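# Results of the structural survey
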Amino acid sequence: MTVQELPGAGASHRSTPPPAWRPRTDAAPLLPDPEPYRVLGTPAAEKLDPELMRRCYAELVRGRRYNAQATALTKQGRLAVYPSTVGQEACEIAAALVLEEQDWLFPSYRDTLAAVARGLDPVQALTLLRGDWHTGYDPREHRIAPLSTPLATQLPHAVGLAHAARLRGDDVVALALVGDGGTSEGDFHEALNFAAVWQAPVVFLVQNNGFAISVPLAKQTAAPTLAHKAVGYGMPGRLVDGNDIAAVHEVLSEAVRRARAGGGPTLIEAVTYRIEAHTNADDATRYRGDAEVEAWKAHDPVQLLERELTARGMLDEAGIQEAKDAAEVMAATLRERMNAEPVLDPMDLFENVYAEQTGRLREQAEMLRAELDAEEQS
Amino acid sequence: MTTVAVKPATMAQALGRAMRDAMAQDPTVHVMGEDVGTLGGVFRITDGLAKEFGEDRCTDTPLAEAGILGAAVGMAMYGLRPVVEMQFDAFAYPAFEQLISHVAKMRNRTRGAMPLPITIRVPYGGGIGGVEHHSDSSEAYYVATPGLHVVTPATVEDAYGLLRASIASDDPVVFLEPKRLYWSKAQWNPETPAAVPGIGKALVRRTGTSATLITYGPSLPVCLEAAEAAREEGWDLEVVDLRSLVPFDEDTVVASVRRTGRAVVVHEANGFGGPGAELVARIQEKCFHHLEAPVLRVTGFDIPYPPPMLEKHHLPGVDRILDTVARLQWEN
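Residues numbered from 1 in each chain as written. Chains lettered and ligands numbered in written order. Predicted model: local features only at pLDDT ≥ 70, side-chain atom pairs only at ≥ 80, totals over all residues. Heavy atoms only, no water.

## What about the state of the cysteines?
Residue and element names in this part refer to chain A. Filter applied, for reference: Pairs of cysteine sulfur atoms within 2.5 Å are identified as disulfides in what follows. The cut-offs for exposure are 20% and 50% of the maximum accessible area for each residue type, with area from a 1.4 Å probe on protein chains only; residues under the lower value are buried, those over the upper are exposed, and the others partly exposed.
Taken as a whole, this structure holds zero disulfides over all chains when the rule is applied. The closest cysteine sulfur to the non-disulfide-bonded Cys56 is located on Cys91, 12 Å from its own sulfur. Taking relative accessible area as the criterion, Cys56 reaches 0% and is therefore assigned buried.

Shown next, in the form of structure tokens:
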């Protein structure tokens with residue numbers, strides 16, 4: 001029997017879909033525009049808010065200096081590792097600036113700068129990377145989740161927190177940061193699916209910086225863009241130039257506003273580039289050429305904004321110098337504070353494993369105490 | 001005078017009642033998982049909760065264990081007390097990264113600033129004729145992870161009491177439910193549930209003098225049956241129910257083994273690297289001079305869980321326990 005001969009086969013059968021099947025929405029409004037959204041260097045820049053942009057500029061300059069200082073600290077052995085965000089500062093700063101005080105930021109290990117721009121003490125933000133403790137701050141105090149080292153696992157946390165806040169009737173939005181590599185993880189999928197089904201007030205910002213350590217985006221995904229993935233979950237996908245802070249800020253603000261108003265989650269892909277290596281342990285020359293890096297340097301987020309603001313008379317030499325000076329003060333303070341040896345108590349190892357220490361941990365703590373006492377006496 | 005009838009209740013009913021009472025008492029308790037709402041769970045443990053407390057408090061989630069537990073982490077970060085159901089033991093494995101990298105470590109990595117009061121209910125173990133991936137005894141994975149409490153009830157009273165204690169705990173608890181005991185019954189009054197010890201306390205379920213059987217969860221009734229049968233052989237066996245694998249009540253175990261001088265650890269999980277290996281190590285460290293024989297184990301074989309038609313050969317039964325007890329007459 002051929003397919004055509006099967007009972008019910010043929011055109012008449014196909015014209016009647018099974019009863020439960022219907023598409024839920026028109027997918028078109030969910031799809032990203034084909035080109036990343038840009039503001040700087042386009043007519044849209046005429047509507048820029050001078051005060052906000054001057055703040056963005058000062059933060060960008062400070063962020064660039066912060067990246068340089070943190071990288072220098074790895075060379076001096078003060079940090080075990082530092083994943084640089086040089087070239088990505090616009091995403092980091094915009095993510096911090098669009099949030100209200102009560103909102104939550106869910107950073108990945110690369111997003112120290114976003115945490116600092118949100119107001120976290122830079123030394124507390126670097127505690128993980130220095131190696132004196134895993135998280136150097138109280139997440140509830142700053143509404144910044146611990147920097148997540150496993151990829152994309154912080155995304156379902158952001159969904160759960162946003163969902164819980166909404167259940168309690170609180171006006172809270174969660175913004176979760178993830179890299180292009182992180183979008184391949186199962187937790188990325190599960191988080192986006194939960195967020196859309198629950199209509200949770202959460203915004204996902206993918207910083208597509210071109211590489212997951214050494215693997216380029218083309219080997220990471222076959223999707224047209226990472227923003228296109230949104231349509232499969234039933235949420236809007238937005239594509240934005242990640243080096244254009246005015247554009248990132250606008251797209252993020254719109255998504256945060258929408259989430260706050262009960263409109264549900266948004267997936268935003270910011271197209272940017274990691275100018276430096278993955279970390280100090282990485283040799284980026286093995287997987288990419290200088291020409292590519294140089295081309296992206298010509299699209300530098302700090303320069304893009306500086307050019308626009310000076311051309312429009314929103315920023316002058318004095319303003320540029322002021323931003324630089326403030327950044328130098330931050331760097332000098334950070335350097336000085338990071339040069340102080342952290343004082344650690346080995347007995348802390350047994351604290352905060354459980355609310356109440358178990359008998360087993362008490363025994364092990366006593367063993368270490370005895371070892372430490374013996375060391376002291378010898 | 002009104003008397004509340006003491007009716008036979010199943011372990012399944014006691015577990016459901018524990019969640020219901022916790023939810024009624026504390027508005028931050030939220031139950032979530034696949035099928036826990038409208039259906040009441042595939043084992044009907046959560047039956048009626050969605051109706052009584054609404055879908056926001058007893059939530060049918062998408063089918064995604066990492067997502068369920070990951071979302072629960074975020075909810076706990078915001079001050080809720082999520083109780084998540086993993087439906088079957090082997091279905092929990094996709095959630096292991098969340099469990100191990102975040103749930104178990106959040107208190108520690110934030111130096112106490114962010115404890116996670118999450119209860120993870122995992123129906124576990126075999127003996128119900130389940131097909132592949134429905135009968136694993138996965139407790140070794142959990143007990144090997146610092147930061148988690150791991151408890152498992154073996155009686156109807158404990159099902160209620162331990163689950164209430166787990167939900168009230170400020171630390172994450174892996175709550176292992178011996179699914180083959182779901183339908184075991186006991187005289188139990190849900191209006192005045194007897195106070196049972198909480199997390200971290202073992203109980204001597206049967207006193208004896210010849211040897212101690214140390215067990216937990218689904219193997220408790222088997223051990224009690226074996227102890228009865230052993231009387232005919234002239235053995236008077238003590239049976240210790242651990243109830244809590246982490247923390248482990250060393251005092252109760254050590255006191256019992258020092259009294260009897262002989263011990264057998266019984267569990268369904270694979271023997272190699274199983275919880276019994278740790279227990280035996282601790283017993284020989286603490287009871288060496290009191291022991292009359294090597295400490296032995298009766299465990300599941302070191303094989304992937306067998307197909308249902310062969311599982312009776314794999315699971316520790318009365319005969320295997322008695323044969324092992326016979327080997328405690330050590331003479332060389």
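## Overview of the layout of surface pockets
Applicable threshold: In the cavity and pocket records, a cavity denotes points on a 1 Å grid over the protein atoms alone where a 1.4 Å probe fits but cannot get out, a pocket denotes an open set with protein on both sides within 12 Å along at least 5 of 7 lines, and lining residues are residues with an atom within 4 Å of a point. Grid points are joined across faces, edges and corners, and a volume is the space filled by probe spheres set on the points. Strands are runs of DSSP state E lasting at least two residues, helices are runs of H or I lasting at least four, and both sets are numbered from the N terminus onward. Amino acids are sorted into nonpolar (Ala, Val, Leu, Ile, Met, Phe, Trp, Tyr, Cys and Pro), charged (Asp, Glu, Lys and Arg) and polar (every other residue, Gly among them).
The volume enclosed by the largest pocket comes to roughly 1,100 Å³. In this structure, the largest pocket is lined by 40 residues; those nearest its centre are A:Thr358, A:Arg360, B:Val246, B:Pro247 and B:Phe248. Within the residue set of the lining of the largest pocket, elements represented by two or more residues are helix H14 (359-377) of chain A together with helix H6 (139-143), strand E12 (244-246), helix H9 (250-260) and helix H10 (275-287) of chain B. A total of six residues in the lining of the largest pocket trace back to one element, the largest contributor, which is H14(A). Taken as a whole, the second largest pocket encloses approximately 440 Å³ of empty space. Those elements that provide at least two residues to the lining of the second largest pocket are helix H5 (122-130), strand E2 (174-179) and strand E4 (211-212) of chain A. Per-element accounting of the lining of the second largest pocket gives the leading share, three residues, to E2(A). For the lining of the second largest pocket, a count of residues per class yields 13 nonpolar, twelve polar and four charged.

## Focus: the nonpolar core
Across soluble globular proteins, nonpolar side chains show a tendency to be buried alongside one another. Just so we agree on the cut-off: By convention a nonpolar core is built from buried Ala, Val, Leu, Ile, Met, Phe, Trp, Tyr and Cys residues, the set being connected through side-chain atoms within 4.5 Å.
Within the largest apolar cluster, 89 residues are counted, with the highest numbers of intra-cluster contacts made by A:Phe204, B:Leu69, B:Met77, B:Ile120, B:Tyr142, B:Ile214 and B:Ile283. In terms of residue count, helix H3 (residues 65-77) of chain B provides more of this core than any other element does, eight residues in total. With 66 residues, the next largest nonpolar core counts A:Leu40, A:Leu99, A:Ala125 and A:Ala259 among its residues.

## Details of the pattern of salt bridges
Stated formally: Any carboxyl oxygen of Asp or Glu that lies within 4 Å of a side-chain nitrogen of Lys or Arg is treated as forming a salt bridge with it.
Under the definition given, this model contains 42 salt bridges over all chains. A:Arg260 serves as the salt-bridge partner of A:Asp103, at 2.5 Å between the closest nitrogen and oxygen. Placement of the pair is A:Asp103 in the loop between helix H3 (89-97) and strand E1 (104-106) and A:Arg260 in helix H10 (residues 245-260), with a sequence separation of 157 residues. Residue classification places A:Asp103 among the buried positions, given a relative accessible area of 0%. The salt bridge involving B:Glu250 is made with B:Arg282; its shortest N-O contact spans 2.6 Å. Separated by 32 residues along the polypeptide, B:Glu250 in helix H9 and B:Arg282 in helix H10 bring together distant segments of the chain. On the basis of relative accessible area, B:Glu250 is assigned to the buried category, the value being 14%. Classification of B:Arg282 as buried rests on a relative accessible area of 5%. A single network of salt bridges, built from pairs that share partners, joins A:Glu363, B:Glu250, B:Arg282, B:Glu285 and B:Lys286.

## Points about the sheet that holds strand E10 (residues 211-215) of chain B
Residues and elements named next belong to chain B. Applicable threshold: For two strands to be treated as a pair, DSSP must find no fewer than two bridges joining them. For helices, the fitted line uses only the C-alpha atoms of the stretch in contact; every axis is such a line through C-alpha atoms, and the angle between N-to-C directions lies from 0 to 180 degrees.
Taken together, the five strands give an open sheet; going across it, the order is E9-E11-E10-E13-E14, and neighbouring strands pair in mixed fashion. Here the strands that pair on one side only, and so sit at the sheet edges, are strand E9 (203-206) and strand E14 (296-300). When the angles between neighbouring strand axes are averaged without regard to direction, this sheet yields 25 degrees. Bridging between strand E13 (residues 263-270) and E14 involves four bridges; their strand directions are parallel. Its bridge partner being in E14, Asn270 is matched across the sheet by Gly300.

## Points about the packing of H3(A) against H10(A)
All names here are of chain A. Our working rule: The sense of a crossing depends on the near helix, which, turned anticlockwise from the far helix by less than a right angle, makes the crossing left-handed and, turned clockwise, makes it right-handed. By the convention used here, residues are in contact when the closest approach between their heavy atoms is within 4.5 Å.
Contact geometry for H3 and H10: axes closest at 9 Å, N-to-C directions at 35 degrees. Note that H3 runs across H10; the crossing there is right-handed. Contacts between H3 and H10 pair Ala90, Cys91, Ile93, Ala94, Ala95 and Leu97 from the former with Ile245, Val248, His249 and Leu252 from the latter.

## Digging into the pairing of E10(B)
Residues and elements named next belong to chain B. Basically, it comes down to this: By definition, the crossover connecting two strands over a helix is right-handed if that path, from the first strand to the second, turns clockwise as seen with the strands pointing away from the viewer.
Burial runs high along E10: five of the five residues are buried. Burial of the side chains of E10 extends over both faces: Ala211, Leu213 and Thr215 are buried on one face and Thr212 and Ile214 on the other. Relative to strand E11 (residues 237-241), E10 runs parallel, the two sharing five bridges. By the bridge assignment for E11, Thr212 is matched with Glu238. Between the parallel pair E10 and E11, the chain is carried across by helix H8 (residues 220-230), and the sense of this crossover is right-handed. For E10 and E13, the ladder comprises three bridges, and the chain directions are parallel.

## Comments concerning the interface of chain A and chain B
Our working definition: The term buried area refers to how much accessible surface (probe radius 1.4 Å) is lost by two components on association, counted for both of them together.
Taken together, the contact pairs 41 residues of chain A with 48 residues of chain B. Taken together, both faces of the contact between chain A and chain B bury some 3,700 Å²; the carbon and sulfur share is 59%. Where chain A meets chain B, there are four salt bridges. B:Glu278 serves as the salt-bridge partner of A:Arg360, at 3.2 Å between the closest nitrogen and oxygen.

## What to know about the packing of aromatic side chains
So the rule is basically this: Side-chain rings of Phe, Tyr and Trp (the six-membered ring for Trp) are treated as a pair once their centres are within 6.5 Å; stacked means planes under 30 degrees apart, edge-to-face means over 60, and tilted covers the remaining angles. We count a charge as sitting over a ring when the NZ of a lysine or the CZ of an arginine lies within 6 Å of the ring centre and within 35 degrees of the ring normal.
Under the definition given, this model contains 16 aromatic pairs over all chains. Judged by centre distance (6.2 Å) and plane angle (55 degrees), the rings of B:Phe43 and B:Trp183 are tilted. Remark: B:Trp183 occurs in the loop between strand E7 (173-178) and strand E8 (185-188) and B:Phe43 occurs in the loop between strand E2 (29-33) and helix H2 (49-53); sequence separation between them is 140 residues. Pairing B:Tyr93 with B:Phe96 gives two aromatic rings, centres 5.4 Å apart and planes at 90 degrees, and the pair type is edge-to-face. For B:Tyr93, a relative accessible area of 28% translates into the label partly exposed. A network of ring pairs unites the aromatic residues B:Phe43, B:Phe88, B:Phe91, B:Tyr182 and B:Trp183 as a single cluster. Cation over ring: B:Arg111 sits above A:Trp133, and NZ or CZ is 4.6 Å from the ring centre.

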